[in-house]
Structure formats: structure tokens, C-alpha cells
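Here are the chains, one letter per residue:
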Amino acid sequence: MDKLFSWLFKNRSKPATTTVDIANTAPLTEEQLKAIVSNQNVQFDMQQLIAAAGQSVGKQRELNEDSVLALTATMGGNSGNMPFGLYIVADGMGGHQFGEVASNAAIRTVAGYILKKFHSHLFQVKTDTMDESFQEIMSAAVNEAQRVIQREAPGSGTTLTAALVLGQQITIGHVGDSRAYFIYPDGRIEAITRDHSLVQRLQELGHITPEEAENYPHRNVLYKALGQGDILDPEIFTLAFPQPGTLLICSDGLWGVVAEQDLIRAVNESPNLQRACQNLVTAANTAGGPDNISVLLVQLIG
């Protein structure tokens, strides 16, 4: 990480000459506007993140207990810019009081903790390096959220799947059964988080098959959730952002209702990420919408 910040913030000599932009301002023609609107293969000469989010209360719930955060920025330095993103889905636990309070507190606490750590680098272009790794920062943020939920909404709980993106690196913090996937243009889908659920554990122990798990009567029971228990052991790990590829983070109102092949199709066949989010939410509601639906889609391009 020291090398990363050293590269980003080290001073470099300024170029000897500057280029003056002498382009004239003129309205676009009708043909030019049509060409821009119809062009779906937008090219970016700088590496950057693009993201979209979608939510629905679903068809069978009166209250939305999910919370979502999507923050996309560029961290500037003296020698270049680096994509920065923070993306979180939290699903308040059904059957508990204040599930929506727990999911909202989780989002606010984790995001607040992480952004305080990166504030000086995002807004002041300081040259200081961090003493903690990104995984240590994510772990501390999740554990702080555990304490806040237990203090402000005792007895409640929530899932949490958070992705901190810096350049091509993704640091994941995960508790519960919201999920993160990589979806590739060639039609592959890869789950990068593991459910902390009873049904997943029974599969891992070989007691039930994946086919039996789909109709298992207690498939929503979690053995690990934020705000629950005295000791929290979140999964924290780091991956490379797929290029090309899409990061999908969602609650079980999407992945538990829409088949994986339909997830892939909605992402790869939509003209843009916002439309893909809308299509995914619509697909979950068309399938009955039994739970709240939350979805985030992120791509690293350029």
C-alpha cells in the first residue's frame, strides 16, 4: 500500500510547455446528437468507475428493511488520478424489531468510518501514507457497526456486503447472506462471497445437495449477522477488479428469486448499468417479489 500511495502522491516535475485549447464552442448538429445517443460503446481514455443502483420494497412486504450506498469518486494526486468507490448493501433481518434501523446504521457507520480514513486523500491531496491496510480499515469499520447496532437497536440484526474499490483493487467486508458476484461478458458468473446461512453450511458439510438447498424450509436462517452475538468474525478479503467484467452486490430479494442465467442476461444485454438495475428489479418483482430487493452494479473502465 505504501508503494501505491507513493506512486499516487509523489511530486513530479511539470512539463516545460503547456497546450492551449483553442477549440471553438458550437452547437451539435442533429446528426451528431443521434450518433452520440445511438453509440453504446462509449470509450474512456482514463480509468474510472461507473455504477448504478436499484431498489424495490417487493410485492409482499410493506416495509423496506434494505439499505444501499453507492459512492463513486476519483482520488486525485500530483501525478495522476485513481478511481475510488464504496458500495454497500445491508439487509435488515426479518423477524426482528428495527431491521431497517440496523441496516441503515450499518451503512452509515461503515461508510463514515472508511471515508474518515480516506478524507484527507480525497479532498486535501496530502502525501501522508496510511498506517493501516485496507483490510484492517474495513475490519475496523464493520466491528464499529456491530457496536453501534447493539447500542442503538439492541436485538436487531442485518447482513452487510461492502466493497471498497481503489484502482483495480477491491476489499470486501461481508457478514450474512447478501452477495457479491463478478459477471463476465462471456456469460460466466462467479460468487465471491459465501453465505453465512444454515442452508449454506449444510451444503458445505455435504448434508444436502444444491438442489435440495433451493427448497430447504429454513434457507433464510443465518448463523452470523451484524448486530448479533458477542463476537463478530466478518469475512475480509481483497480481489482484483475484473476487466472486462461487472461487480454485482445484491440482497437475497434478488439472488434468491432470479436465476443466475437471468442475472447474467440482464447485465450483459442491457445498454447501460442503470437499465440493467431496473431490469433486475423488474425480474425479481415479476417472479413474485417476496422480499425487499436491492442491487448495485459497478464497472471499472478505461
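As the structure is a prediction and not an experimental result, all values here were calculated from the model. (Residues numbered from 1 in each chain as written. Predicted model: local features only at pLDDT ≥ 70, side-chain atom pairs only at ≥ 80, totals over all residues. Heavy atoms only, no water.)

*Asks:* Would you mind going over the overall build of the chain with me for this structure?
*Replies:* Helix and strand content of the chain: nine helices and 10 strands. Residues classed as buried in the chain amount to 45% of the 302 residues present. Pairs at least 24 apart in sequence give 73% of the contacts found in the chain among residues at least 6 apart. (Helix = DSSP H or I, 4+ residues; strand = E, 2+ residues; numbered from the N terminus. Buried < 20%, exposed > 50% of the residue type's maximum accessible area, 1.4 Å probe, protein only. Contact = heavy atoms within 4.5 Å.)

*Asks:* Whenever I open this one, the packing of aromatic side chains confuses me. Can you help?
*Replies:* To describe a pair of aromatic rings, you give the distance between the ring centres and the angle between the ring planes. All told, the structure shown has three aromatic pairs when counted by the stated rule. Between the aromatic rings of Phe 118 and Phe 134, the centroid separation amounts to 5.7 Å while the plane-to-plane angle is 50°, which identifies the pairing as tilted. Remark: Phe 134 occurs in helix α4 (residues 134-152) and Phe 118 occurs in helix α3 (residues 99-123); sequence separation between them is 16 residues. Comparing Phe 118 with Phe 134 shows no difference in burial state: the two are buried. With centroids separated by 6.4 Å and ring planes inclined at 70°, the aromatic side chains of Phe 182 and Tyr 184 adopt a geometry described as edge-to-face. A residue is classified by how much of its surface remains accessible, and Phe 182, at 4% relative accessible area, is buried. What links up through ring pairs into an aromatic cluster is the set Phe 84, Phe 118 and Phe 134. One Lys or Arg, Arg 179, reaches over the ring of Trp 255 and ends 3.4 Å from the middle of that ring. The positively charged end of Arg 188 is found above the aromatic ring belonging to Tyr 184, 4.0 Å away from the centroid. (Phe/Tyr/Trp six-rings, centres within 6.5 Å; stacked < 30°, edge-to-face > 60°. Lys NZ or Arg CZ within 6 Å of the ring centre and 35° of its normal.)

*Asks:* What is the right way to read the layout of surface pockets from this model?
*Replies:* To find the voids left in a structure, one rolls a probe of water-molecule size over its atoms. Estimated volume of the largest pocket: approximately 930 Å³. As for the largest pocket, its lining consists of 35 residues, of which Arg 179, Arg 219, Asp 252, Trp 255 and Gly 256 are closest to the centre. Among the secondary structure elements, those contributing two or more residues to the lining of the largest pocket are β6 (179-183), α5 (198-204), α6 (210-214) and α7 (252-255). When its residues are assigned to classes, the lining of the largest pocket shows 13 nonpolar, 10 polar and 12 charged. (1 Å grid on protein atoms, 1.4 Å probe; cavity = no way out; pocket = protein on both sides within 12 Å on 5 of 7 lines; lining within 4 Å. Points joined across faces, edges and corners; volume = space filled by probe spheres on them. Nonpolar A, V, L, I, M, F, W, Y, C, P; charged D, E, K, R; others polar.)

*Asks:* Can you walk me through the environment of Met 130 in this structure?
*Replies:* By secondary structure assignment, the location of Met 130 is in the loop between α3 and α4. According to the relative accessible area criterion, Met 130 is buried, its value standing at 11%. Met 130 sits 13 residues away from Lys 117 along the chain, and the two C-alpha atoms are 8.4 Å apart.

*Asks:* Looking at this structure, I do not really get unusual backbone geometry. What am I missing?
*Replies:* One can expect most non-glycine residues to show negative phi and most peptide bonds to be in trans. The linkage connecting Gln 243 with the following residue, Pro 244, adopts the cis geometry, with an omega of 0°. With respect to the helices, strands and loops of the structure, Pro 244 is situated in the loop between β8 (235-240) and β9 (246-250).

*Asks:* Looking at this structure, how should I read the side chain of Ser 270?
*Replies:* Take Ser 270: it is sitting in the loop between α8 (260-268) and α9 (273-286). In this structure the side chain of Ser 270 is engaged in a polar contact, spanning 2.4 Å, whose partner is the backbone oxygen of Ala 266. Side chain to side chain, Ser 270 and Asn 279 meet in a polar contact 3.1 Å long. With residues up to four places along the chain from it excluded, the contact list for Ser 270 reads Arg 265, Arg 275, Ala 276 and Asn 279. (Polar contact = N/O pair within 3.5 Å; in protein donor to acceptor, adjacent residues only side chain to side chain.)

*Asks:* What exactly am I supposed to notice about the nonpolar core here?
*Replies:* One recurring pattern in soluble globular proteins: nonpolar side chains tend to sit buried together. With 32 residues, the main nonpolar core has Ile 88, Ile 114, Phe 118, Leu 160, Leu 164 and Leu 226 as its most contacted residues. Mapped onto this core, the elements with two or more residues apiece are β3 (80-91), α3, α4 and β4 (160-166). Per-element tally for this core: the top contributor is α3, with nine residues. Among the nonpolar cores identified, the runner-up in size contains 21 residues, and Ile 183, Val 258, Ile 264 and Ala 284 belong to it. (Core = buried A, V, L, I, M, F, W, Y, C linked by side-chain atoms within 4.5 Å.)

*Asks:* I would appreciate a short explanation of the pattern of salt bridges in the present structure.
*Replies:* Enumeration over the complete set of coordinates arrives at 10 salt bridges. The shortest N-O distance in the salt bridge between Arg 147 and Glu 144 comes to 2.8 Å. With Arg 147 and Glu 144 both in helix α4 and three residues apart, the pair spans about one turn of that helix. Among the residues examined, Arg 147 registers a relative accessible area of 47% and is labelled partly exposed. What makes Glu 144 partly exposed here is its relative accessible area of 25%. One continuous salt-bridge network, built from bridges that share partners, spans Arg 194, Arg 201, Glu 204 and Glu 235. (Salt bridge = Lys/Arg side-chain N within 4 Å of Asp/Glu carboxyl O.)

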